[in-house]
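Spelled out, the chains give:
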Amino acid sequence: MTETAPARKIAFATFVRRALDDARAMRAWTGTEVSRRTGVSRQTINRWVRGDWASDPEAERVVAFCEGLGLNPAAAFAALGWDRAATPRGAPGAPPMDPDVEALLRRLVDPAVSDAEKFHIRETIRYLAYRPTLPLDARKGGEQAG
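Just so it is clear, the structure is predicted and the values come from calculations on it, not from any experiment.

A.B. asks: Please explain the overall build of the protein as it appears in this structure.
C.D. replies: When helices and strands are tallied, the protein shows eight helices and zero strands. Put simply, the protein runs from its N terminus to its C terminus through helices and strands in the order α-α-α-α-α-α-α-α. Residue pairs at least 24 apart in sequence account for 57% of intrachain contacts in the protein once pairs closer than 6 positions are excluded. Surface summary for the protein: the accessible area is close to 9900 Å², and the carbon and sulfur share equals 56%.

A.B. asks: Just checking my understanding: could you explain the packing of aromatic side chains for this structure?
C.D. replies: What characterises a pair of aromatic rings is the spacing of the ring centres plus the angle enclosed by the ring planes. Applying the stated criterion across every chain yields a total of five aromatic pairs. Between the aromatic rings of Phe 12 and Trp 53, the centroid separation amounts to 6.3 Å while the plane-to-plane angle is 85 degrees, which identifies the pairing as edge-to-face. Of this pair, Phe 12 sits in helix α1 (residues 5-27) while Trp 53 sits in the loop between α3 (42-50) and α4 (59-68), and the two are 41 residues apart along the sequence. Ring geometry for Phe 77 versus Trp 82: centroids 5.1 Å apart, planes at 50 degrees, classification tilted. Among the aromatic residues, ring-to-ring pairing joins Phe 12, Phe 15, Trp 48, Trp 53 and Phe 65 into one connected group. The ring of Tyr 130 is capped by Arg 37, whose NZ or CZ atom sits 4.0 Å from the centre of that ring.

A.B. asks: Looking at this structure, I do not really get the pattern of salt bridges. What am I missing?
C.D. replies: Side-chain pairs of opposite charge can arise whenever the charged atoms involved come near each other. All chains considered together, the criterion is met by eight salt bridges. One salt bridge in this structure joins Arg 36 and Glu 33, with 2.8 Å as the shortest N-O distance. With a gap of three residues between them, Arg 36 and Glu 33 both fall in helix α2 (residues 31-38), about one helical turn apart. Here Arg 37 and Glu 33 are joined by a salt bridge, their closest N and O atoms 2.4 Å apart. Highlighted residues: Arg 37 and Glu 33, both in helix α2, separated by four residues, approximately one helical turn. Considered together, Arg 37 and Glu 33 belong to a single accessibility category, that of buried residues. Here the salt bridges share partners, and the residues they tie into one network are Glu 33, Arg 36 and Arg 37.

A.B. asks: Sorry, what's going on with a nonpolar patch on the surface here?
C.D. replies: A contiguous nonpolar patch, built from Met 97, Val 101 and Leu 105 and spanning about 230 Å² of accessible area, is present on the exposed surface. Looking at the secondary structure, you find Met 97 in the loop between α5 (73-80) and α6 (99-109).

A.B. asks: Even after reading the chapter, I still don't get the nonpolar core, so can you show me in this structure?
C.D. replies: Of all hydrophobic cores here, the largest spans 21 residues; its most connected members are Phe 12, Phe 15, Val 16, Val 34, Ile 45, Trp 48 and Phe 65. Elements supplying a minimum of two residues to this core: α1, α3, α4 and α5. Per-element tally for this core: the top contributor is α1, with six residues. The contact partners of Phe 12, leaving out residues within four places of it in the chain, are Trp 48, Trp 53, Pro 57, Val 62, Ala 76, Ala 79 and Leu 80.

Rules of the game
Residues numbered from 1 in each chain as written. Predicted model: local features only at pLDDT ≥ 70, side-chain atom pairs only at ≥ 80, totals over all residues. Heavy atoms only, no water. Helix = DSSP H or I, 4+ residues; strand = E, 2+ residues; numbered from the N terminus. Contact = heavy atoms within 4.5 Å. Areas by Shrake-Rupley, 256 points an atom, 1.4 Å probe, with all protein chains shown as cover. Phe/Tyr/Trp six-rings, centres within 6.5 Å; stacked < 30°, edge-to-face > 60°. Lys NZ or Arg CZ within 6 Å of the ring centre and 35° of its normal. Salt bridge = Lys/Arg side-chain N within 4 Å of Asp/Glu carboxyl O. Buried < 20%, exposed > 50% of the residue type's maximum accessible area, 1.4 Å probe, protein only. Patch = residues over 30% accessible without salt bridge, like charges linked within 9 Å, V, L, I, M, F, W, Y side chains within 5 Å. Core = buried A, V, L, I, M, F, W, Y, C linked by side-chain atoms within 4.5 Å.

Interpretation in functional terms is not warranted from these geometric data alone.
What follows is the structure, encoded as structure tokens:
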């Protein structure tokens, strides 16, 4: 390993730890739920957090982890030193957000909103985000019938 390997491990471990903390705080996901949603095993995620890896993580797993948590993989790649042009977190501006989604996000961070209401908002969003999509034929049939 090179002299920068420990720094890369620390940077990537910090990235993964923050992603997990955000998933716990914003979505109330456990480690098992993060693993299920990302397709990356808990053992692998734990190794990343500890910086306990001899060779670089597989790019496909890093991408799956990031996409499962709604993160830009470029930030993880930058932490790993794979893309020197990329800047972690908040690089190019995010695409415009729907006003309704912004309103939900404001409610989720508003201390005046009850925990019960925040729970229901998160559960509804989870349901909508992960519900199965209809096959194209079923969608066309529904449009013709209406």
